[in-house]
Amino acid sequence: MDALLTALADPARWRLVSLLAERPRPVGVLAELAGARQPQTTKHLQTLERTGVVTSQRTGQRRIYALRPGPLRELAAVLGRLADTAEQAGGPGETYDRYGASLHAERLAAEEPGWADGRSFSFRRSLTGHPELAWRHLTEPSLLARWWTPHDLCVSELVFEAREGGRIVQEYRDVEDADASGLVAGRAEGVVDDVRPGERLAYRLSPLLPDGGLAFTAHVALDLRPTRTGTDLDVHWRITDSTVDSADFIAGIEIGFGQSLDKLAAILAADPHDTDSTDSTDSTDSTDSTDTRSTQ
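Residues numbered from 1 in each chain as written. Predicted model: local features only at pLDDT ≥ 70, side-chain atom pairs only at ≥ 80, totals over all residues. Heavy atoms only, no water.

Caption draft 1: Inspection of the sheet that holds strand 1 (residues 25–26) at higher detail. What the three strands build is an open sheet, ordered 1-3-2; its pairing is antiparallel. Each end of this open sheet is capped by a strand with a single partner; those strands are strand 1 and strand 2 (54–59). Sheet topology places strand 2 next to strand 3 (residues 62–67); six bridges connect them, and they run antiparallel. Paired with Gln 57 across the strands is Ile 64, a residue of strand 3. Helix-sheet contacts for helix 4 (residues 38–51) involve strand 2 and strand 3, and the interaxial angle to strand 2 is about 120 degrees. (Pairing = 2+ DSSP bridges. Helix = DSSP H or I, 4+ residues; strand = E, 2+ residues; numbered from the N terminus. Contact = heavy atoms within 4.5 Å. Axes fitted to C-alpha atoms, helices over the stretch in contact; angles between N-to-C directions.)

The structure is reproduced here in structure tokens:
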């Protein structure tokens, strides 16, 4: 397949394939129609023949070339599958387009400091598992790190001290950066404001700009309510202190945090019972969580 793509990428060879699609032709005629010299045309045809897309036979003093449609149909099928994957409903391609549209709109709106102050975002998820288990996934770094990023990112450093005045640090990288050798995708810092175990968690979190300044402050409140089948989680974001450079961050809140909550719901659905399994190093205290580094 790679050899065929390489062969077809040359404009001169593509012209020969187009001519042969009409009918088999001898080298001399192909050279004339393509506006090329015969030796060059012969070399191009030999390259195409090696890939299997062209075949030839000698008739008297002439060599006649013909197109073999099979390899082209196979290539078309592969390209079709790639296109189908890229445009599947609800897939990464659709998410990319949604983020692009949001990014464009927010950049246009970000004309002066405070441009997004007062903006709010609300989320709701019905979670499997009792509120106490959901609470653990909201506050314990080893569990929080498993879901607290969108699909294409993973937590690389996390501090979450689940007490009033507790410190929050979240650093994240590309999910495929397994050895953490690439650039940090983002970092945020904050503080915990309200802690009512199993009921309510509130904190402030500020993404950092490349120069270390704060992009904006998100005031996040998470409320848990027990249900017959598990826990209803309501999340409310409110923006303050927005800078002009915060547009790219704010554009991704709805999609990114929504994906994070979907990951949380999937984790709890897979194991709705209390568990001590973790994907990262244990914190030194179950309430005042300290530095933990993890990759998904």
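Caption draft 2: Up close: the packing of aromatic side chains. Applying the stated criterion across every chain yields a total of five aromatic pairs. Where Trp 148 meets Phe 160, the ring centres are 6.0 Å apart and the plane angle is 75 degrees; that geometry is what we call edge-to-face. Here Trp 148, found in the loop between helix 8 (141–144) and strand 5 (153–160), pairs with Phe 160, found in strand 5; they are 12 residues apart in sequence, far enough to count as distant. For the pair formed by Trp 148 and Phe 160, the shared burial category is buried. Pairing Trp 148 with Tyr 203 gives two aromatic rings, centres 6.1 Å apart and planes at 85 degrees, and the pair type is edge-to-face. You can see Trp 148 sitting in the loop between helix 8 and strand 5 and its partner Tyr 203 sitting in strand 8 (residues 200–207), a full 55 residues away along the chain. On the basis of relative accessible area, Trp 148 is assigned to the buried category, the value being 5%. Joined through ring pairs, the aromatic side chains of Phe 123, Trp 237 and Phe 257 make up one cluster. (Phe/Tyr/Trp six-rings, centres within 6.5 Å; stacked < 30°, edge-to-face > 60°. Buried < 20%, exposed > 50% of the residue type's maximum accessible area, 1.4 Å probe, protein only.)

Caption draft 3: How the structure looks around the nonpolar core. Within the largest apolar cluster, 45 residues are counted, with the highest numbers of intra-cluster contacts made by Trp 148 and Trp 237. With seven residues, the single largest contributor to this core is helix 10 (residues 253–270). Ala 7, Leu 8, Val 17 and Val 53 belong to the second largest nonpolar core, which has 15 residues in total. (Core = buried A, V, L, I, M, F, W, Y, C linked by side-chain atoms within 4.5 Å.)

Caption draft 4: Here's a closer look at the packing of helix 2 (residues 11–22) against helix 3 (residues 27–34). For the pair helix 2 and helix 3, interaxial distance at closest approach is 10 Å and the crossing angle is 120 degrees. Considered as vectors, helix 2 and helix 3 are oriented oblique to each other. Regarding helix 2 and helix 3, the two cross each other, and that crossing is right-handed. Facing helix 2, whose interface residues are Arg 15, Leu 16, Leu 19 and Leu 20, helix 3 presents Leu 30, Leu 33 and Ala 34. (Parallel < 35°, antiparallel > 145°, perpendicular 65-115°, else oblique. Left-handed = near helix turned anticlockwise from the far one by under 90°.)

Caption draft 5: Structural context of the side chain of Thr 240. Checked against the element boundaries, Thr 240 lands in strand 10 (residues 230–240). Separated by 2.9 Å, the side chains of Thr 240 and His 219 make a polar contact. When sequence neighbours within four positions are dropped, the list of residues in contact with Thr 240 reads Asp 117, Phe 216, Thr 217 and His 219. (Polar contact = N/O pair within 3.5 Å; in protein donor to acceptor, adjacent residues only side chain to side chain.)

Caption draft 6: Looking closely at unusual backbone geometry. Of note in the backbone geometry, Ala 180 takes a positive phi value of approximately 55 degrees without being a glycine. Among the secondary structure elements, Ala 180 is positioned in the loop between strand 6 (167–174) and strand 7 (186–196). For Asp 241, which is not glycine, the phi dihedral falls at a positive 60 degrees. Note on placement: Asp 241 falls in the loop between strand 10 and helix 9 (247–251).

Caption draft 7: View of the confidence of the model for the chain. For the chain, per-residue confidence averages 91 on the pLDDT scale, and 92% of positions sit at 70 or higher. The low-confidence segment residues 277–291 (pLDDT under 50) makes 37 contacts with residues lying over four places distant or belonging to another chain. (pLDDT = per-residue confidence, 0-100.)

Caption draft 8: Geometry of the packing of helix 3 against helix 4. Interaxial distance between helix 3 and helix 4 falls to 9 Å at its minimum, and their mutual angle equals 105 degrees. It follows that helix 3 is roughly perpendicular to helix 4 by the angle criterion. Two secondary-structure elements touch here, helix 3 through Val 27, Gly 28, Leu 30 and Ala 31 and helix 4 through Gln 38, Thr 41, Thr 42 and Leu 45. Along the lines of polarity and charge, the residues of the contact of helix 3 with helix 4 split into four nonpolar, four polar and no charged. (Nonpolar A, V, L, I, M, F, W, Y, C, P; charged D, E, K, R; others polar.)

Caption draft 9: Main features of the sheet that holds strand 8. With respect to topology, seven strands assemble into an open sheet ordered 4-10-9-8-7-6-5, the strand pairing being antiparallel. Looking at which strands have only one partner, the edges of the open sheet turn out to be strand 4 (120–128) and strand 5. Shown here is a sheet whose adjacent strand axes are inclined to one another by a mean of 20 degrees, direction ignored. Across 10 bridges, strand 9 (residues 217–226) lies against strand 10 in antiparallel orientation. When the sheet's bridge partners are listed, Leu 224 is paired in strand 10 with Leu 233.

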